[in-house]
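Coordinate inspection notes
The residues making up each chain are set out below.
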Amino acid sequence: MAMTSWVAWIVAAITFGTIIMYGSVGEILTEKAGNLNLGVPGIMYLGAIGSLAGAFFYENGNPEAIPLVSALIALACALAASLLGGLLYSLMTVTLRANQNVTGLTLTILGGGIANFFGGSLVKLSGGVGQISVAAASSAIRAQIPVLSSGLGFVGKILFSHGLLTYVAVVIALAAHFVLNKTRIGLNLRAVGENPSTADAAGINVTRYKYVTTCIGAMIEGLGGMYYVMDYVKGTWDAGGSLEALGWLAVALVIFTSWKPRNAIYGAYLFGFCYWVYLYIPSGLSAQLAKMLGAANITYMQNLYRMIPYLVTIVVLVFVSKRKKRENQNPASLGISYFREER
């Protein structure tokens, strides 16, 4: 395979992986506090539609829209929408002590419904399918590093041909890893996730930690939705359900990383590399495999290749379930509501 194909494959893997990295890191923080939030896809939907709506109403009918301003509006709206999702989940599971699994799944359905409803409305306002565009915000978010992206050959293409949010995702993952493992806040948070009654007895405000961490995690997940809309699909709306599938991959990636945010970086890029394999496998090899398997044509092989990231997810889940080290397992109180009066 030519070097240009390898470079294109790696760049596509980084772009794809960044989306699920945001969702995974946000969920890792949430689960470290003992909250199992299966509403990651819904919160990513909220971040996506929030950013798109904010930028759309600023740019629509405004020929002098400033890209940076539009991008900041999109960012603020994405964070606000995803924060509301995190607050709703926290209210239901921490204050009202509702079942976390049911609440998370409901949030996924709710977030997807809200996003597709308003996304469809924006499509109508813009004149029909394919007409909606927030070019100013998208161009600002997808802007590459000027000299490095084009002046260093394939190295520059791989490392510096991405928008700002790609690098922010890595910084957030490393920062989350540092906070969890090197600070007192991280120690307290892990104590809340492992044994909230003991943490409460030690003077740690369990409710505050659960609320704040879940909301911060939700906002990070919302950034993943914003990145999907503004960078991955270049400032338009996709009602095909791809974002929901990515949200579930992000949840699976949490287990793959053993609840370590730093591991989400290479794990997300690995998933991205597997996802795009069907586009970059040489056609000759695909033809030979199709012949060996008795497939009618190469198209069938491409459909099989598209299964690879999901097969990898299943293999990873089986592998992780066999780990014996406690530090590689989920927090002990994950998914369990804390009843202070029973302490």
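Remember, predicted model here, so these are calculated numbers, not experimental data. Counting of residues starts from 1 at the beginning of each chain's written sequence and follows it residue by residue. Since the coordinates come from a predicted model, pLDDT governs what is reported: local features require at least 70, and pairs of side-chain atoms require 80 or more to be given and counted, while whole-chain, interface and lining totals use all residues. As a rule here, side-chain values come from all non-hydrogen atoms in the structure, and water together with hydrogens is ignored.

Observations regarding the overall build of the chain
When its secondary structure is counted, the chain shows 17 helices and zero strands. Only protein chains enter the calculation, and the probe is 1.4 Å; a residue is then buried if its accessible area is under 20% of its type maximum, exposed if over 50%, and partly exposed in between. Taken across its 343 residues, the chain has 49% of its residues classed as buried. A separation of at least 24 residues holds for 78% of the contacts in the chain among residues at least 6 apart in sequence. Exposure was quantified through the Shrake-Rupley algorithm and a 1.4 Å probe, taking into account, for residues, occlusion by the shown protein chains and nothing else. Counting every atom, the chain has about 16000 Å² of accessible surface; 67% of that belongs to carbon and sulfur. Elements are defined by DSSP. Helices are runs of H or I of four residues or more, strands are runs of E of two residues or more, and each kind is numbered from the N terminus. Only heavy atoms matter for contacts: two residues are in contact if any of them lie within 4.5 Å across the pair.

Description of the packing of helix α2 (residues 40-59) against helix α4 (residues 100-126)
Only C-alpha atoms enter the line fits that serve as axes; for helices the fit covers just the stretch in contact. Angles between N-to-C directions range over 0 to 180 degrees. One way to put it is that α2 packs onto α4 with a least axis distance of 7 Å and a crossing angle of 25 degrees. The pairing of α2 with α4 is recorded here as roughly parallel in orientation. As for how α2 packs across α4, the hand of that crossing is left-handed. Of the residues in α4, those touching α2 at Val40, Pro41, Gly42, Ile43, Tyr45, Leu46, Ile49, Leu52, Ala53, Phe56 and Phe57 are Leu107, Thr108, Gly111, Gly112, Ile114, Ala115, Asn116, Phe118, Gly119, Leu122, Leu125 and Ser126. Residue type decides the class: Asp, Glu, Lys and Arg count as charged, Ala, Val, Leu, Ile, Met, Phe, Trp, Tyr, Cys and Pro as nonpolar, and the leftover types, Gly among them, as polar. Residues belonging to the contact of α2 with α4 are distributed by class as follows: 16 nonpolar, seven polar and no charged. What sets the label is the angle itself: under 35 degrees gives roughly parallel, over 145 gives roughly antiparallel, 65 to 115 gives roughly perpendicular, and the rest give oblique. Should the near helix be turned counterclockwise from the far one by less than a right angle, the crossing is left-handed, whereas a clockwise turn marks it as right-handed.

Section: the side chain of Ser24
Tracing the backbone shows Ser24 in helix α1 (residues 3-32). Overall, Ser24 belongs to the buried group, its relative accessible area being 0%. Non-local contacts of Ser24, meaning those with residues more than four positions away in its chain, are made with Ala250, Leu253, Val254, Thr257 and Ala264.

Description of helix α8 (residues 164-182)
Along its 19 residues, α8 runs 26 Å from first to last C-alpha, staying within 8% of the 27 Å computed at 1.5 Å per residue. Within the sequence span of α8, burial applies to Leu165, Thr166, Ala169, Ile172, Ala173, Ala176, His177 and Leu180. Looking straight down α8, one finds its buried side chains confined to an arc of 130 degrees; they lie on one side. Among the exposed residues of α8, those oriented more than 90 degrees off its buried face are Leu164, Val171 and Lys182. Its buried side turned inward, α8 meets α1, α5 (135-142), α9 (184-194), α11 (206-232) and α13 (263-275). Here the expected span of a helix is defined as 1.5 Å times the quantity of residues minus one. Taking the helix axis as origin, the arc is that swept by the directions to the C-beta atoms.

Brief notes about the packing of aromatic side chains
Here is the rule: rings of Phe, Tyr and Trp (six-membered ring for Trp) pair when centre to centre is within 6.5 Å. Planes less than 30 degrees apart are stacked, more than 60 are edge-to-face, and the remainder are tilted. Using the criterion set out here, one finds 13 aromatic pairs in the structure. For the pair Phe117 and Phe118, a centre-to-centre distance of 5.1 Å together with 85 degrees between the ring planes defines the contact as edge-to-face. By relative accessible area, Phe118 is classed as partly exposed at 45%. Within the aromatic cluster, the residues linked to one another by ring pairs are Phe16, Tyr228, Tyr232, Tyr275 and Trp276.

Focus on unusual backbone geometry
Unlike most non-glycine residues, Lys234 shows phi in positive territory, near 60 degrees. In this fold, Lys234 is placed in the loop between α11 and α12 (242-256). For Lys234, a relative accessible area of 52% puts it in the exposed group. A positive phi angle, near 60 degrees, is found at Ser258, a position not held by glycine. With respect to the helices and strands, Ser258 occurs in the loop between α12 and α13.

Describing the side chain of Thr93
Secondary-structure assignment places Thr93 in helix α3 (residues 67-95). Reaching out from Thr93, the side chain makes a polar contact with the backbone oxygen of Tyr89 at a distance of 2.8 Å. Dropping the residues within four chain positions of it, Thr93 is found in contact with Ala98, Gln100, Thr103 and Ser337. Within 3.5 Å is the distance limit for a polar contact, defined as a pair of N or O atoms, with the added protein rule that one can donate a hydrogen and the other accept it, and that residues adjacent in sequence qualify only through two side-chain atoms.

Section: a nonpolar patch on the surface
Only residues whose relative accessible area exceeds 30% and that form no salt bridge enter a patch; like-charged residues are grouped when within 9 Å of one another, and nonpolar side chains (Val, Leu, Ile, Met, Phe, Trp, Tyr) when within 5 Å. For salt bridges, the criterion is a side-chain nitrogen of Lys or Arg within 4 Å of an Asp or Glu carboxyl oxygen. On the surface, Met3, Trp6, Ile145, Leu148, Leu152, Phe154, Val155 and Leu159 cluster together into a nonpolar patch covering about 690 Å² of accessible area. Locating Met3 in the fold gives a position in helix α1.

Some details on the nonpolar core
In this structure, Ile20, Met21, Tyr22, Leu52, Met226, Met230 and Trp237 are the most contacted members of the largest nonpolar core, which totals 73 residues. If one sorts the elements of this core by residue count, α1 sits on top with ten residues. Contact partners of Met21, with chain neighbours within four places excluded, come to Ala169, Val170, Ala173, Ala264, Ile265, Ala268 and Tyr269. Put simply, buried Ala, Val, Leu, Ile, Met, Phe, Trp, Tyr and Cys residues joined by side-chain atoms within 4.5 Å make one nonpolar core.

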